[in-house]
Amino acid sequence: MANAASGMAVHDDCKLKFLELKAKRTYRFIVYKIEEEQKQVVVENVGEPARSYEDFAANLPADECRYAVYDFDFVTEENCQKSRIFFIAWSPDTARVRSKMIYASSKDRFKRELDGIQIELQATDPTEMGLDVFKSRAN
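Residues numbered from 1 in each chain as written. Predicted model: local features only at pLDDT ≥ 70, side-chain atom pairs only at ≥ 80, totals over all residues. Heavy atoms only, no water.

### Regarding the overall build of the chain
Right, so step 1: In terms of regular secondary structure, the chain is built from four helices and six strands.
Right, so step 2: Reading the chain from its N end, one meets helices and strands in the order β-α-β-β-α-β-β-α-β-α.
Right, so step 3: In terms of overall dimensions, the chain has a C-alpha envelope of 45 × 30 × 20 Å along the principal axes.
Right, so step 4: Considering the chain as a whole, with its 139 residues, one finds that 44% of them fall into the buried category.
Right, so step 5: If you sum the accessible surface of the chain, you get close to 7500 Å²; carbon and sulfur atoms cover 48% of it.
Right, so step 6: When the 21 positive and 24 negative side-chain charges of the chain are each reduced to one mean point, those points stand 4 Å apart. (Helix = DSSP H or I, 4+ residues; strand = E, 2+ residues; numbered from the N terminus. Buried < 20%, exposed > 50% of the residue type's maximum accessible area, 1.4 Å probe, protein only. Areas by Shrake-Rupley, 256 points an atom, 1.4 Å probe, with all protein chains shown as cover. Lys, Arg positive; Asp, Glu negative; His and termini not counted. Charge placed at Lys NZ, Arg CZ, Asp CG, Glu CD.)

Printed below as a string of structure tokens:
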């Protein structure tokens, strides 16, 4: 279960919650964290479909790294309702260097576990993952 490169396992709940978001649209977002002691990625928080982008952004700590998935709904220029699943690697400048290194080295493997990610964002501060960034990347 653990990856030799980063040593991080992925808790089954991470994949199950992601599948629920993708297939059933049970959640608007999922925030994941690495439990360093257990050496695994776990679900830290989920947001119900009615939750807003602001709720999502408030779930990302200002000084700790996280992974997150956000189901972004938008309307195209042709007036079609669409959705894109974003993977966000949140790594604020104020996070510990060790934490940033662990999250960076585990990201690709973790992302591969979540089949169906459409767009990836790397963010070090909230402006790099604002709604305007989501809108421009979704089209």
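### Describing the pairing of strand 2 (residues 29–35)
A regular strand places its side chains on the two faces of the sheet in alternate fashion.
Right, so step 1: The element strand 2 is extensively covered by neighbouring structure, given that five of its seven residues are classed as buried.
Right, so step 2: Sheet topology note: the strand 2/strand 3 (residues 40–47) ladder contains seven bridges and is antiparallel. Bridge pairing links valine 31 to asparagine 45 in strand 3.
Right, so step 3: Connecting the antiparallel pair strand 2 and strand 3 is a turn made up of four residues, with lysine 39 showing a positive phi of about 55 degrees.
Right, so step 4: Pairing analysis gives four bridges linking strand 2 to strand 4 (residues 66–75), with the strands arranged antiparallel. Counted as the bridge partner of valine 31 is alanine 68 from strand 4. (Pairing = 2+ DSSP bridges.)

### A word on the pairing of strand 4
Right, so step 1: A large share of strand 4 lies buried, amounting to eight of its ten residues.
Right, so step 2: Of the pairings in the sheet, the one linking strand 4 to strand 5 (residues 81–90) comprises ten bridges and is antiparallel in character. The residue bridging valine 69 from the neighbouring strand is phenylalanine 87, located in strand 5.
Right, so step 3: Between the antiparallel neighbours strand 4 and strand 5 lie five residues, among them asparagine 79 with a positive phi of about 70 degrees.

### A closer look at the layout of surface pockets
Space left empty within the atom packing is revealed by a probe, the size of a water molecule, rolled over the atoms.
Right, so step 1: In this structure, the largest pocket occupies an estimated 150 Å³ of space.
Right, so step 2: The wall of the largest pocket is formed by Lys33, Ile34, Glu35, Glu36, Asp63, Glu64, Cys65, Arg66, Ala95, Arg96, Ser99 and Tyr103.
Right, so step 3: Contributions of two or more residues to the lining of the largest pocket are made by strand 2 and helix 3 (97–113). (1 Å grid on protein atoms, 1.4 Å probe; cavity = no way out; pocket = protein on both sides within 12 Å on 5 of 7 lines; lining within 4 Å. Points joined across faces, edges and corners; volume = space filled by probe spheres on them.)

### So, helix 4 (residues 131–138)
Right, so step 1: All of the buried residues along helix 4 are Val133, Phe134 and Ala138. Seen from one end, helix 4 has its buried residues packed into an arc of 125 degrees, which puts them on one side. Across helix 4 from its buried face, at more than 90 degrees, point the exposed residues Asp132 and Ser136.
Right, so step 2: Next to the buried residues of helix 4 lie helix 2 (53–58), strand 4, strand 5 and strand 6 (119–123). (Arc of directions from axis to C-beta. Contact = heavy atoms within 4.5 Å.)

### Observations regarding the nonpolar core
Right, so step 1: In terms of nonpolar packing, the biggest core is built from 22 residues, with Tyr32, Tyr67, Val69 and Phe110 touching the most fellow members.
Right, so step 2: Listed by contribution, the elements that provide at least two residues to this core are helix 1 (12–24), strand 2, strand 3, strand 4, strand 5 and helix 3. (Core = buried A, V, L, I, M, F, W, Y, C linked by side-chain atoms within 4.5 Å.)

### Quick notes on the packing of aromatic side chains
Right, so step 1: Evaluated as defined, the whole model comprises 15 aromatic pairs.
Right, so step 2: Here the aromatic rings of tyrosine 70 and phenylalanine 134 are separated by 5.3 Å at their centres, their planes lie at 75 degrees, and the arrangement is edge-to-face. On the criterion of sequence distance, the pair formed by tyrosine 70 in strand 4 and phenylalanine 134 in helix 4 is long-range, its members being 64 residues apart.
Right, so step 3: Classification of tyrosine 70 by relative accessible area gives buried; the value is 5%. (Phe/Tyr/Trp six-rings, centres within 6.5 Å; stacked < 30°, edge-to-face > 60°.)

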